[in-house]
Structure formats: structure tokens, C-alpha cells
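Each chain is listed here by its residues.
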Amino acid sequence: MIPKSAYKYFVKQTAARLGFDYCGIAKAEKLNDEARRLESWLNKGFNGSMSYMNNYFDLRVDPTRLVPGAKSVITLLLNYFPAEQQKTEAPRVSKYAYGKDYHEVIKEKLKNFLTTVQQNIGEINGRGFTDSAPVLERSWAVKSGLGWVGRNGNLITKNQGSFFFIATLITDLELEPDDPFAKDYCGTCTKCIDSCPTEAILPNKVIDGSKCISYFTIELKDMLIPTDVKGKFENNMFGCDICQDVCPWNRFSKPTREAEFTPLNEVLNFSKNDWEELTEESFKIIFRKSPLKRSKFEGIKRNLKFLDS
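Per an unreviewed UniProt entry, the protein chain is named Epoxyqueuosine reductase, and its organism is Hanamia caeni. Among the UniProt annotations of the protein chain, the heading Subunit (unreviewed entry) holds the following wording: "Monomer." Per UniProt, the protein chain carries the Function (unreviewed entry) text "Catalyzes the conversion of epoxyqueuosine (oQ) to queuosine (Q), which is a hypermodified base found in the wobble positions of tRNA(Asp), tRNA(Asn), tRNA(His) and tRNA(Tyr)."

So, in C-alpha cells, the structure goes:
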């Protein structure tokens, strides 16, 4: 078994071996400041029809409610920036959805991570999450020293920008925490605010989720998209990367090394006509392992029709 003095080093080496780009550690404690901000955000209705965000409030702000006896929160970042981009004239798909569904990819990595730690350190309890439970991932990423939250609400790393998935592993293993990331490097830049076509990015790093293009094209389940945002999607069919694409820090983005995120040929090369002629049967075959299945065939067709209207 590994000596206690080497636990932290082993955890970070395991993260690197599994392909994670960054790993940070924070002490598991209640997020009081974040709780107040989240409550205010929900009270203003910025979650739109995403009613699930009202659920499990206590669990979101207290990791010991998710893992009894939790001592540490391990945050892991996995780069998804693609080496290739879509055809410029095609309906746009957010870069995170170019390849295989990240939930499946990261879930397997977290399972292997926990198993490896248990085999080498001993019997510990832990749970891994990536968008799958009430966890404030970005807050933990900042607390573990990985980056800062930009005006667009995304976690930004100083070395590679913001095109990262965030995974969280809450465990009762006591680890030496990293220093929190203390500085905000957005400075006076407002490019993300100025570039958002639906004005979803508000001052003081507040995002009105109910105005975000990603919300309308993915989260909104109604078959009718509000007419007041007509003409504002800038050809975005599934998700939106505008606020990340204009961020100066993303000039440091590097292509992902994760083979599972290799873009589907159809995502890269489908023309507008290809998307419009896509049948439900073909959609289910081509995108069976893709994040696009979240919108379902009907949602994709709705979004295409809205772009044309």
C-alpha cells in the first residue's frame, strides 16, 4: 500500500495516466457563498424551464450530503477542443458534441480512477460526477486551483483556455488540498458579453440561462422556440460556442488527445441539405453515441426549421 505522504502524488499521477489534463484537490466543505449566489440565480428564474436545477439544493452546496464523511473533492479537467472544425456554411454544432458523448467517456474514467485508488490506498468511499448530479463543478475547480470563472460563466485555465469537461470525485480520503485560484484574469475584457447575440451574459459573471442559445437548442423541450430570439442564433443548431470562440484565452487551446472525442465525419461534413434530409432512422444510427441524441430527432428538426424561419 502507498504511504499517506504519497497519496496526493499518486492521485495526480493516476489522473494523468487516465488521460485527464488537469487535476486539483480541495477540502470537502459546505459552499456557503456559492449557496447564496445559486439561490439568487434560481429566484430570478435564470434556469428557465430547467426545473431540475431547483432540486437537491442542499446536496449541491454540501459534498458531505452526497458522500457521507467526505474529506476531499478532486476536480478533473478533460480537453475536448477538436483538431478539425465544421464546414463554415453548415448549421453549427457545439464543439463538445463533435465526438462521443462525454458522459459515457468520463464515467468510465472515473470508475477506473476510484478502483485504482482503492486498490493502492485501501478501502475508501467515493462518487464521481460529470453533469450527472447536483455538484457545483466550477466552484470546486476554482477552489482546487485549476482556473477562474470567466464572464461567460465558463471555467478558464491560464494555459489552455476553457474547452474542457469538468469531472468531480468526492471521497472520504483525506488529501492535502491545493491552493485556490485567487486571481481573475478576465481584466477589463467584455468580448463574450459583447458577442452574445441573445444577451444572455449579464454583468458580474451572471448568466441568464433562459436566454442562452444552448438552452433553446438543447434544454428547451417545447416544440416552439420563442419568436423574440428569431434571427439571433447565428446558424447555431445544437449548443453554442460564441462566447468561448471570442475569448482571448482560447487562443491557447490545443487539440484534445482523447480518441473518443474524434469528430464524427457527419458532424464535420454534413451540409445544410444533408441535415435537412436526415431521416429519423439514420439519425438514430449515426448519432447513437453522440450528445446530439439529447435533443432527439424532433428537436434537431425543430432547430433547423427555426434557423430557416
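K.L.:
What should I look at first to understand the overall build of the protein chain in this one?
P.N.:
Secondary structure summary: the protein chain contains 13 helices and 10 strands in total. Relative to its length of 309 residues, the protein chain is compact, with a C-alpha radius of gyration of 20 Å against a globular reference of 19 Å. Reported as C-alpha extents along the three principal axes, the dimensions of the protein chain are approximately 60 × 40 × 35 Å. Looking at the protein chain as a whole, 50% of its 309 residues are labelled buried. At a minimum sequence separation of 6, the contacts of the protein chain that also span at least 24 residues come to 77%.

K.L.:
Could you clarify how one ought to interpret the nonpolar core in this entry?
P.N.:
If you look at the biggest cluster of nonpolar residues, it comprises 48 residues, and the most contacted ones within it are F20, I74, L76, V93, F113, W275 and L292. When contributions to this core are tallied by element, the ones reaching two or more residues are α1 (7-17), β1 (22-27), β2 (72-79), α5 (102-121), β7 (164-171), β10 (236-238), α10 (265-269) and α13 (296-308). Considering each element in turn, this core owes the most residues, eight residues, to α5. Contacts of I74, omitting those with residues within four sequence positions, involve V11, C23, G24, I25, F113, A167, T168, L169, T171 and L175. By size, the runner-up hydrophobic cluster in this structure holds 12 residues, among which are A26, V67, V73 and F129.

Rules used throughout
- Residues numbered from 1 in each chain as written.
- Predicted model: local features only at pLDDT ≥ 70, side-chain atom pairs only at ≥ 80, totals over all residues.
- Heavy atoms only, no water.
- UniProt positions renumbered as here; feature names shortened; annotations may be inferred.
- Helix = DSSP H or I, 4+ residues; strand = E, 2+ residues; numbered from the N terminus.
- Rg over C-alpha atoms; globule rule 2.2 N^0.38 Å.
- Buried < 20%, exposed > 50% of the residue type's maximum accessible area, 1.4 Å probe, protein only.
- Contact = heavy atoms within 4.5 Å.
- Core = buried A, V, L, I, M, F, W, Y, C linked by side-chain atoms within 4.5 Å.

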